[in-house]
Amino acid sequence: MNTDHADPDHLAELRAALQVDDAGESALGWAGVYAFEAEHGIVLPEPYRSFVAEITDGSFSGPPDFGLVGLAEMPEDWGDSRPVRDLSATFPLTRAWLWEEDPRPYAEIQPLLDPVFDHGSIVLGTDGCGMYWHLVVTGPHRGHIWNISGEGAVPFGREFGHTTGTSGFLGWVRHWAAGEPWFDAA
């Protein structure tokens, strides 16, 4: 997974999968991407970075179920009383964590949850019911997609054992475009 350079063929594949044919009118533009990155102290991983700059900044038709939100937006069901998000802080996980099944007392688990939701990732959208898809922008999982819900956090990609899809933004969109269920590993 190359998170530093966008392959033009991959960008064309993303454009086709999301059926974007507005010649970049719905894109954020490079100035907008650079401003967002400077404001948050990050560099977005490719091909997502070029996707929002050149193709589209959000999509009603695309993944997840309620569409791909714009770069600086949050899903409607995110809530207003959440902590301030710190995209430059390192995303805290490197493996799946189902805190609903964690034997530790909730008082010990609760302080660890806000960073999972709010550090080092951008929210791509929601499947509803508090299930959010995040693109990690900092730390060892930079470029990976994670599903984070009230029950736990799971990375997307066949190497993690929960799906047959390929890791990263392109693999996530490919999986969705093929009509595959998110968690389809046997």
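As a convention, each chain's residues are numbered from 1 in the sequence order in which they are written. It should be noted that, the model being predicted, local features are given only for residues of pLDDT at least 70 and side-chain atom pairs only at 80 or more, the latter also being counted only at that level, while totals for whole chains, interfaces and linings use all residues. Side-chain measures were taken over the full set of non-hydrogen atoms in the model, leaving aside hydrogen atoms and water.

Engineer: Would you mind going over the nonpolar core with me for this structure?
Structural biologist: Throughout, nonpolar core names a set of buried Ala, Val, Leu, Ile, Met, Phe, Trp, Tyr and Cys residues whose side chains join them through atoms within 4.5 Å. Three labels apply to residues, based on accessible area from a 1.4 Å probe with only protein chains included: buried if under 20% of the type maximum, exposed if over 50%, partly exposed otherwise in between. Formed by 28 residues in total, the largest nonpolar core has its most connected members in Leu44, Tyr48, Phe51, Ile122, Leu124, Phe169 and Trp172. Secondary structure elements follow DSSP: runs of H or I of four or more residues count as helices, runs of E of two or more count as strands, with numbering from the N terminus. For this core, the secondary-structure elements that each account for two or more residues are α1 (8–17), α2 (30–40), α3 (48–55), β1 (121–126), β2 (132–136) and α5 (168–177). Per-element tally for this core: the top contributor is α3, with five residues. The criterion used for residue contact is that any of the two residues' heavy atoms lie within 4.5 Å. Once residues within four sequence positions are removed from consideration, Phe51 is found in contact with Leu11, Leu14, Leu18, Thr56, Leu68 and Phe169. If you look at the next biggest cluster of nonpolar residues, it comprises 15 residues, including Leu93, Trp99, Ile109 and Ile148.

Engineer: What's the story with the pattern of salt bridges in this structure? I'm lost.
Structural biologist: Two side chains that carry opposite charge are able to pair once their charged atoms sit near each other. Salt bridge criterion: a side-chain nitrogen from Lys or Arg within 4 Å of a carboxyl oxygen from Asp or Glu. Enumeration according to the criterion identifies seven salt bridges in this entry. Glu13 serves as the salt-bridge partner of Arg174, at 2.6 Å between the closest nitrogen and oxygen. Remark: Glu13 occurs in helix α1 and Arg174 occurs in helix α5; sequence separation between them is 161 residues. With a relative accessible area of 29%, Glu13 lands in the partly exposed category. Where Arg49 meets Glu37, a salt bridge forms, and the shortest distance between an N and an O atom there is 2.6 Å. Of this pair, Arg49 sits in helix α3 while Glu37 sits in helix α2, and the two are twelve residues apart along the sequence. The residues Arg49 and Glu37 share a single accessibility class, namely buried. Here the residues in one salt-bridge network are Arg82, Arg85 and Asp118, joined through shared partners.

Engineer: Would you explain the pairing of β1 in this entry?
Structural biologist: Most of β1 is tucked away, with six of its six residues classed as buried. DSSP-based pairing: two strands are paired if at least 2 bridges between them are found. The pairing of β1 with β2 spans five bridges and is classified as antiparallel. Paired with Thr126 across the strands is Tyr132, a residue of β2. Here β1 hands over to β2 after five residues, with Gly128 in that stretch at a positive phi of 85 degrees.

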